[in-house]
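Notes for the structure review
Residues per chain are reported as follows:
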Amino acid sequence: DVSFELRAGQIMAIVGANGSGKTTLAKLVCDLIPPTTGSIRWDGVDMAGCDPSLVHAQIAPVFQDYGRYMLTIRKAIGLGDASRLGDESRIRRAATEVGLDELIDSLPNGLDTRLGKAFANGVDLSIGQWQRLAIARALFRDAPVVILDEPSASLDPRAESELFDLLHSFGRNRIVLFVSHRFATVRSADVVLVLDQGEVAEMGSHAQLMELRGLYHELFELQALRYGLER
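Cut-offs used in this document
- Residues numbered from 1 in each chain as written.
- Predicted model: local features only at pLDDT ≥ 70, side-chain atom pairs only at ≥ 80, totals over all residues.
- Heavy atoms only, no water.
- Phe/Tyr/Trp six-rings, centres within 6.5 Å; stacked < 30°, edge-to-face > 60°.
- Helix = DSSP H or I, 4+ residues; strand = E, 2+ residues; numbered from the N terminus.
- Buried < 20%, exposed > 50% of the residue type's maximum accessible area, 1.4 Å probe, protein only.
- Lys NZ or Arg CZ within 6 Å of the ring centre and 35° of its normal.
- Core = buried A, V, L, I, M, F, W, Y, C linked by side-chain atoms within 4.5 Å.
- Contact = heavy atoms within 4.5 Å.
- Pairing = 2+ DSSP bridges.
- Axes fitted to C-alpha atoms, helices over the stretch in contact; angles between N-to-C directions.
- Salt bridge = Lys/Arg side-chain N within 4 Å of Asp/Glu carboxyl O.

1. Thoughts on the packing of aromatic side chains
Within the structure shown, the criterion is met by one aromatic pair. Their ring planes at 25° and their centres at 6.2 Å tell us that Tyr 216 and Phe 220 sit as a pair that is stacked. Here Tyr 216 and its partner Phe 220 are both found in helix α10 (residues 215-227), four residues apart, which amounts to about one turn of the helix. Taken individually, Tyr 216 and Phe 220 each receive the classification buried, so the pair is uniform in this respect. Arg 84 extends its terminal NZ or CZ atom over the ring of Phe 140, reaching a point 4.5 Å from the ring centre. Here the basic side chain of Arg 114 rests over the ring of Phe 119, its NZ or CZ set 3.8 Å away from the ring centre.

Written out as structure tokens, the structure reads:
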């Protein structure tokens, strides 16, 4: 009982209690695991019949346990598509899209700065900067579908707000799907998919779901009471 449609230029949030199937659904869309029944179709074509390498090249996922690669910044971004590691202009564009250009320009070795304090002249990044680097790596693939699993879990409120401004910026011509527990950011999505025990319980905009006064309304109100969110 999971059925929905994603369109280019649309940002979809997936919410639900722990164990409701959010990360599993993200992995299904990424073609990392196959559906046990039913199908996932891209422009009407069943992905099960496609070359997995071609499918994966069109999807850029960033999961909670993204890699912190102790390489140069150039390589840490360029690994998003290793075949284009030498394309400096595209690497810089990906870094600019996620707001890392000023940081890179401030470092003595720029893109060739080594990450990791364990190395001579190596630098460390903040949690938010590591996360932006992971997203830059995903964007460097220039994929039409971007999937983020709990992208703001380790961010402070300001960094979280900047991240979702970023999502709307680079999501104009892409499909963006993000899993989140934080309802303050979910409100900015075009559509919210509410999962409950592996099924789609509700689907709609924040305003529509609040008016429905169902599961989404209940979960949102719980966070609103705790954190003083505006409804």
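2. Some thoughts on the nonpolar core
The biggest cluster of nonpolar side chains holds 49 residues, and the ones touching the most others in it are Ile 77, Leu 133, Phe 178, Val 192 and Tyr 216. Counting residues per element, this core draws most heavily on helix α6 (residues 127-140), which supplies eight residues. The contacts of Tyr 216, once residues within four sequence positions are left out, are Val 15, Phe 183, Val 186, Arg 187, Val 192, Val 194, Glu 202, His 206, Leu 209 and Met 210.

3. A word on the sheet that holds strand β1 (residues 11-15)
Strand order in this open sheet of six strands is β4-β5-β6-β1-β7-β8, and the pairing throughout is mixed. Every interior strand has two partners, whereas the edge strands, β4 (59-62) and β8 (199-204), have only one. Each strand axis lies, on average, 15° off the axis of its neighbour in the sheet, ignoring direction. Examined bridge by bridge, strand β7 (residues 191-196) and β8 share five bridges and lie antiparallel to one another. Directly across from Asp 196, in β8, lies its bridge partner Glu 199.

4. Focus: the pattern of salt bridges
Throughout the structure, instances matching the rule amount to ten salt bridges. Residue Glu 88 is joined to Arg 92 by a salt bridge in which the shortest nitrogen-to-oxygen separation is 3.1 Å. Placement of the pair is Glu 88 and Arg 92 together in helix α4 (residues 88-97), with a separation of four residues, close to one helical turn. Its salt-bridge partner being Asp 142, residue Arg 174 comes within 3.4 Å of it at the nearest N-O pair. Pair noted here: Arg 174 is in the loop between α7 (157-170) and β6 (175-179) and Asp 142 is in the loop between α6 and β5 (145-149), with a separation of 32 residues, a long-range link.

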